[in-house]
Amino acid sequence: MPIVTIQITREGSTPGASAATAEEKAALIKGVSEVLRDVLNKPLTSTFVVIDEVETENWGWGGLPVEQFRQQVPDQAEAVRPDGGSSAWPM
């Protein structure tokens, strides 16, 4: 029985939103469950997904609260991820 916890900052993906929408959360739950089914052959009915939204003031990176860290990144669209890729990161 897989249990997956997804932690995200409590902020919306669109202007004016203050959290992930119910539709976005449903897509995360579906997608993660399907990956476990496809990769590990785990039935959808045995997979639990928990989404934990964390206030940005409770999220830190690089020794700083995330909001301060983001101010140091000149263009988030070109930020480099730890795995070497680039995207709007950190989120």
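Residues numbered from 1 in each chain as written. Predicted model: local features only at pLDDT ≥ 70, side-chain atom pairs only at ≥ 80, totals over all residues. Heavy atoms only, no water.

Caption draft 1: Fine view of the overall build of the protein chain. What the protein chain contains, in helices and strands, is 2 helices and 4 strands. Listed N to C, the secondary structure of the protein chain is β-α-β-β-β-α in terms of helices and strands. Buried residues in the protein chain amount to 22% of all 91 residues. Long-range pairs, those at least 24 residues apart, make up 46% of the contacts in the protein chain with a sequence separation of at least 6. Looking at the protein chain as shown, the accessible area adds up to about 6,300 Å², and 55% of this sits on carbon and sulfur atoms. (Helix = DSSP H or I, 4+ residues; strand = E, 2+ residues; numbered from the N terminus. Buried < 20%, exposed > 50% of the residue type's maximum accessible area, 1.4 Å probe, protein only. Contact = heavy atoms within 4.5 Å. Areas by Shrake-Rupley, 256 points an atom, 1.4 Å probe, with all protein chains shown as cover.)

Caption draft 2: Expanded view of the nonpolar core. With 6 residues, the main nonpolar core is built from V4, I6, I8, A20, L36 and V49. The dominant element in this core, judged by the number of residues it contributes, is strand 1 (residues 3–9), at 3 residues. Those residues within four positions of V4 in sequence are excluded, and the remaining contacts are V32, L36, F48, V49 and V50. (Core = buried A, V, L, I, M, F, W, Y, C linked by side-chain atoms within 4.5 Å.)

Caption draft 3: Here's a closer look at the pairing of strand 1. Pairing geometry for strand 1 and strand 2 (residues 48–54), over 7 bridges, is parallel. Opposite I8, over in strand 2, you have E53 as the bridge partner. Handedness of the strand 1-helix 1 (residues 22–40)-strand 2 crossover: right-handed. (Pairing = 2+ DSSP bridges. Right-handed = clockwise from strand over helix to strand, strands pointing away.)

Caption draft 4: Up close: the side chain of E53. With respect to the helices and strands, E53 occurs in strand 2. Looking at E53, its side chain comes within polar contact range of the side chain of R10, at 3.4 Å. A polar side-chain atom of E53 sits 2.9 Å from a polar atom in the side chain of K25. Setting aside anything within four residues of it in sequence, one finds E53 in contact with I8, R10, A19, A20 and K25. (Polar contact = N/O pair within 3.5 Å; in protein donor to acceptor, adjacent residues only side chain to side chain.)

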